[in-house]
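Now for the letters of each chain:
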Amino acid sequence: MLEGDHDCKPELTNDPSSWEDQHPQCLQDVAKVECLRRKIKYYFMNPCEKYHARGRKPWKLILQIIKIAIITIQLVLFGLSNQMVVTFKDENLMTFKHLFLKDYVDGGIDPYAVYRQADVYDHIEYVIQQYQLLHNITVGNHEYEKKDSVYTPLLVCKDFYRNGTIYPSNETFEIDAHVDTECLRVYPQPVHEALPHFKLDFIRLISVKITFVLKAINLQTVRHRELPDCYDFTLIITFNNQAHSGQIKVDLENEVDINECREWKVTGACKSIYLTVLFDCLIIIMCIISFALCMRSVITGIQLQLVSKPKWFLLKHFGKELLWSDKLEFVSGWYILIIVSDTLTIIGSVLKIEIQTKVLTSYDVCSIFLGTGTMFVWMGVIRYMGYFKKYNILILTLRAAFPNVIRFICCAGIIYLSYCFCGWIVLGPYHEKFRTLNTVSECLFSLINGDDMFSTFKNMKQKNSLVWMFSRVYLYTFVSLFIYMILSLFITLITDTYDTIKQQQQSGTPTSELQKFLSECKDLPNSGVYRLDKNNSCFLNCFINR
């Protein structure tokens, strides 16, 4: 019996009138509580139970299954198209290295560099000559950039200190730290002497950069019935002499801009393009419907949470307030996840349509939206699997362990960062994996997972015995602390939560005030009490008369 209902218990008296006539308000309160209990229980039913309770078709479940299928197909088609773009970029980068870098070899272990002054001039002249002879040597459809019918020139720029005299033998130097830049323009036609009046002072030289732009069209998409893209390749070849160590490293960077072709005509592919656009429009419509249905369910849950305020039933009938954990039960995180997924998919589909019609060329942005949206829509299916006890234990374990996991990660993260900073500053000069904070973090995370452990120990340079001994203490303590202690404690944390949830499921006892409140409702879904008709206004009255 509810604690707050002690005044509504029938008493033994000699009054011939019935107890119902004496306590009409008590009957009304009990009816309200039972009405609300059924309404909340119906809200938490799974689609099959709702079908038996009111004959309601599981439209959201059917829609999510169809949406998963078509969104996955959309992602695969876009992925294949994006793969052609990535392949075209990578192959062009390799082509440019073979065309413009003298004696370039694929997969070389040693860095591509020059060590003599004559070699520096030879490599620069080689780049310019290959640029001027591009039409005669390339097997692709590469072309020079034109602006107003004038070819864009190749730029050879050298950065050097304004003034400097260095005498290593006397251990003296004088340097002006200001950096000056001089550039030389070279046009592709006609072919002429590569470097007239171009001299380098290697004592003051910082770097030489050769910059030029080439254009190309990706024709392989035509075979897949897609409109080709026009590419602008901005090539930057850098001769890096910042260290003045006697080694000038040579690097080729390729900055790619994808543009809409100004004039194009493709026969035999338009129908396929329009069908793909219609398919994307269908996905947008389905995501909008899914968004509306899930948003309606979220609003319904919020309304139920507002109706079941502590002052209305728990505080009045149980003498307890509704906890935040119980309040959050009314706002389903799965619906929020599906709403976010639908929003991302709609934005990604719009971008995909604009890419296919060549209005935009933002492949990377579209990939992020479509990829994240597809990931969330697949994760949203776990909600429906959670209605089965054997599958639901995973979800309950993750949800119950999440607060403790966050606290544990915060504490472990502080120790992890301390090792990152220490390893970077001490071992960085002697180990390639500790040169930057990013590589240090990646290396330590790999060690936690038992990956690449031997090479991390082996590749430590033994130039300084003190640092070498410190590295051994550093690595052994990190591995022992994180693998044998922190990682084991983390697994134990999850395991204990799993055992607790499993015991609760086996015992069947309610674990929250909300579940205790709902457990008093013994009406089955097919009992008929949940159906709405004209004569049954319980679900309406419990809102109006509260």
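Predicted model only: the values in this text are computed from it and were never measured.

What counts and what doesn't
Residues numbered from 1 in each chain as written. Predicted model: local features only at pLDDT ≥ 70, side-chain atom pairs only at ≥ 80, totals over all residues. Heavy atoms only, no water. Helix = DSSP H or I, 4+ residues; strand = E, 2+ residues; numbered from the N terminus. Buried < 20%, exposed > 50% of the residue type's maximum accessible area, 1.4 Å probe, protein only. Contact = heavy atoms within 4.5 Å. Areas by Shrake-Rupley, 256 points an atom, 1.4 Å probe, with all protein chains shown as cover. Axes fitted to C-alpha atoms, helices over the stretch in contact; angles between N-to-C directions. Parallel < 35°, antiparallel > 145°, perpendicular 65-115°, else oblique. Nonpolar A, V, L, I, M, F, W, Y, C, P; charged D, E, K, R; others polar. Core = buried A, V, L, I, M, F, W, Y, C linked by side-chain atoms within 4.5 Å. Phe/Tyr/Trp six-rings, centres within 6.5 Å; stacked < 30°, edge-to-face > 60°. Salt bridge = Lys/Arg side-chain N within 4 Å of Asp/Glu carboxyl O.

Q: Explain the overall build of the protein residue by residue, including any values.
A: The secondary structure content of the protein amounts to 18 helices and nine strands. For the protein, with 546 residues in total, the buried portion stands at 38%. Contacts in the protein between residues at least 24 apart in sequence constitute 71% of all its contacts with a sequence separation of at least 6. When the accessible area of the protein is evaluated, it comes to approximately 32,500 Å², of which 60% is carbon and sulfur surface.

Q: Describe the side chain of Asn-92, listing the residues and the values that go with them.
A: Position of Asn-92 among the secondary structure elements: in helix H4 (residues 59–100). Given a relative accessible area of 4%, Asn-92 falls into the buried group. Residues in contact with Asn-92, not counting those within four places in the same chain, are His-142 and Phe-233.

Q: Describe the environment of Phe-160, and please don't skip the residues or the numbers.
A: With respect to the helices and strands, Phe-160 occurs in strand S5 (residues 154–167). The sequence separation of Phe-160 and His-178 amounts to 18 residues, and the corresponding C-alpha distance is 8.4 Å. Apart from the residues lying within four places of it in its own chain, the contact partners of Phe-160 are His-178, Val-179, Asp-180, Glu-182, Arg-204, Leu-205 and Ile-206.

Q: So what's going on with the packing of H4 against helix H5 (residues 117–132)? Residues and values would help.
A: Two elements in contact, H4 and H5, have axes whose closest approach is 9 Å; the angle formed by their N-to-C orientations is 115 degrees. The angle between the axes of H4 and H5 places the two elements in the roughly perpendicular class. Contact residues: His-98, Leu-99 and Phe-100 in H4; Tyr-126, Val-127, Gln-130 and Tyr-131 in H5. Broken down by class, the residue content of the contact of H4 with H5 amounts to five nonpolar, two polar and no charged.

Q: Break down the nonpolar core for me, with residues and values.
A: By size, the foremost hydrophobic cluster in this structure holds 44 residues, and its most contacted members are Phe-100, Ile-124, Leu-200, Ile-210, Phe-212 and Ile-237. Beyond its immediate stretch of four places on either side in the chain, Ile-210 contacts Ile-124, Val-127, Leu-154, Leu-155, Val-156, Leu-235, Ile-236, Ile-237 and Phe-239. One finds Cys-420, Leu-444, Leu-447 and Phe-478 within the second-largest nonpolar core, a separate group that totals 19 residues.

Q: Run through the packing of aromatic side chains, naming residues and quoting values.
A: Under the criterion given, the structure shown has 22 aromatic pairs. An angle of 85 degrees between the planes, with centres 6.2 Å apart, marks the rings of Tyr-121 and Phe-202 as edge-to-face. Of the two residues, Tyr-121 is situated in helix H5 and Phe-202 in the loop between strand S6 (172–186) and strand S7 (205–217); the sequence distance between them amounts to 81 residues. An identical accessibility class is assigned to Tyr-121 and Phe-202; each is buried.

Q: Before we move on, can you summarise the pattern of salt bridges with the specific residues and values?
A: By the definition in use, this model includes eight salt bridges. Of the charged contacts in the structure, one is a salt bridge between Lys-67 and Asp-342, with a shortest N-O distance of 2.4 Å. Linking Lys-67 in helix H4 with Asp-342 in helix H10 (residues 333–356), this pair joins segments that are 275 residues apart in sequence. According to the relative accessible area criterion, Lys-67 is buried, its value standing at 0%. Judged by its relative accessible area of 0%, Asp-342 is buried. Note that Lys-352 and Asp-280 form a salt bridge whose closest N and O atoms lie 3.1 Å from each other. Within this pair, whereas Lys-352 is found in helix H10, its partner Asp-280 is found in helix H7 (residues 270–307), the two being separated by 72 residues in sequence. Assigned by exposure class, Lys-352 and Asp-280 land together as buried.

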